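An overview of the molecular structure
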Amino acid sequence: PLPGVVVIQEWWGLNDNIEAMARRLAAEGYSALALDLYQGQVATTPDEAMGLMRDVMASETALTDNLTQAVAYLTDEVGASRIGVIGWCFGGMWSLRTALAVPDAVDAAVLYYGRPVTDPDQLAALTMPVLAHFGGADSSIPADTVAAFAAGLEEAGVPHSVQIYAGAPHAFANASGQAY
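Residues numbered from 1 in each chain as written. Predicted model: local features only at pLDDT ≥ 70, side-chain atom pairs only at ≥ 80, totals over all residues. Heavy atoms only, no water.

Comments concerning the overall build of the chain
To keep things clear, this is the line we draw: Secondary structure follows DSSP: runs of H or I at least 4 residues long count as helices, runs of E at least 2 residues long count as strands, and numbering of each begins at the N terminus. In this description the radius of gyration comes from C-alpha coordinates, and the expected globular size is given by 2.2 Å times residues to the power 0.38. For the exposure calls, accessible area comes from a 1.4 Å probe over protein chains only, and a residue counts as buried if that area is under 20% of its type's maximum, exposed if over 50%, partly exposed in between. Between two residues, a contact is recorded if the distance between any of their heavy atoms is within 4.5 Å. Per-residue and other accessible areas were derived by the Shrake-Rupley procedure at a 1.4 Å probe size, with only the shown protein chains allowed to occlude residues.
When helices and strands are counted, the chain shows six helices and six strands. Across the chain, helices and strands are ordered from the amino to the carboxyl terminus as β-α-β-α-α-β-α-β-α-β-α-β. Compactness check: the chain gives a C-alpha radius of gyration of 15 Å against a globular reference of 16 Å for 180 residues, within 12% of the reference. Once the C-alpha set of the chain is aligned to its principal axes, its extents read approximately 40 × 40 × 35 Å. Each of the 180 residues in the chain was classed as buried or not, and the buried ones make up 44%. Pairs at least 24 apart in sequence give 67% of the contacts found in the chain among residues at least 6 apart. Entry remark: accessible area of the chain is about 8,700 Å², with carbon and sulfur atoms responsible for 51%.

Put into structure tokens, the structure is as follows:
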């Protein structure tokens, strides 16, 4: 059995970029499951993306359930030996939230510039290593928020690596975007 990775979309939806990332992870030897949290809709403008994200965020319980079912699918149906979660922006936030929702089922969490949880009491639920990537010039996730996240992980005793890329804006890891 291969290790599994739940691949969580940016606010644009399950677009070509996220599908390419899932294929890339699969080529590296993972069972990659890219979720379509917008049910087939893909945004092409920031206004569309904001609307789709707001719609799905209106039911965070259903969103959490969808993501935890993805983890269970990789474990129970695919037989994945270990499970990781990875996401960018909106998906980065949900990568962390998925790990918090099912910490005993997730073995690694990776987030790219997703809005983090900073409360050490909440972060203490994490038993897996966390790798987080943030842009030093990201105006949507300020440096003090990233510092609070790193401090919260440290205080909670969570194994982690928080990488800050000086001068990098939001969405710097999206090869199809303008900030890449």
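The rest of the description comes next.
Let's talk about the packing of helix α3 (residues 60–77) against helix α4 (residues 90–101)
For clarity, the cut-off: Axes, fitted as lines to C-alpha atoms, cover a helix only where it is in contact. Angles between the N-to-C directions of the axes lie from 0 to 180 degrees. An angle counts as roughly parallel when it lies under 35 degrees, as roughly antiparallel when it exceeds 145, as roughly perpendicular when it falls between 65 and 115, and as oblique in every other case. Amino acid classes used here: Ala, Val, Leu, Ile, Met, Phe, Trp, Tyr, Cys and Pro are nonpolar; Asp, Glu, Lys and Arg are charged; the rest, including Gly, are polar.
Between α3 and α4, whose axes approach to 10 Å, the crossing angle comes to 75°. Taken together, α3 and α4 sit at an angle that is classed as roughly perpendicular. Between α3, through Glu60, Leu63, Thr64, Leu67, Thr68 and Val71, and α4, the contact on the second element is made entirely by Phe90, Trp94, Arg97, Thr98 and Ala101. Within the contact of α3 with α4, the residues separate by chemical class into six nonpolar, three polar and two charged.

Brief notes about the nonpolar core
This is how the line gets drawn: Only buried residues count toward a nonpolar core. Its members are Ala, Val, Leu, Ile, Met, Phe, Trp, Tyr and Cys residues joined through side-chain atoms within 4.5 Å.
Val6, Phe90, Leu126 and Phe149 are the most contacted members of the largest nonpolar core, which totals 55 residues. Among the elements that take part in this core, α4 stands out by supplying six residues, more than any other. Those residues in contact with Val6 that lie beyond four places of it in its chain are Leu33, Leu35, Leu67, Ala70, Val71, Leu74, Gly84, Val85 and Ile86.

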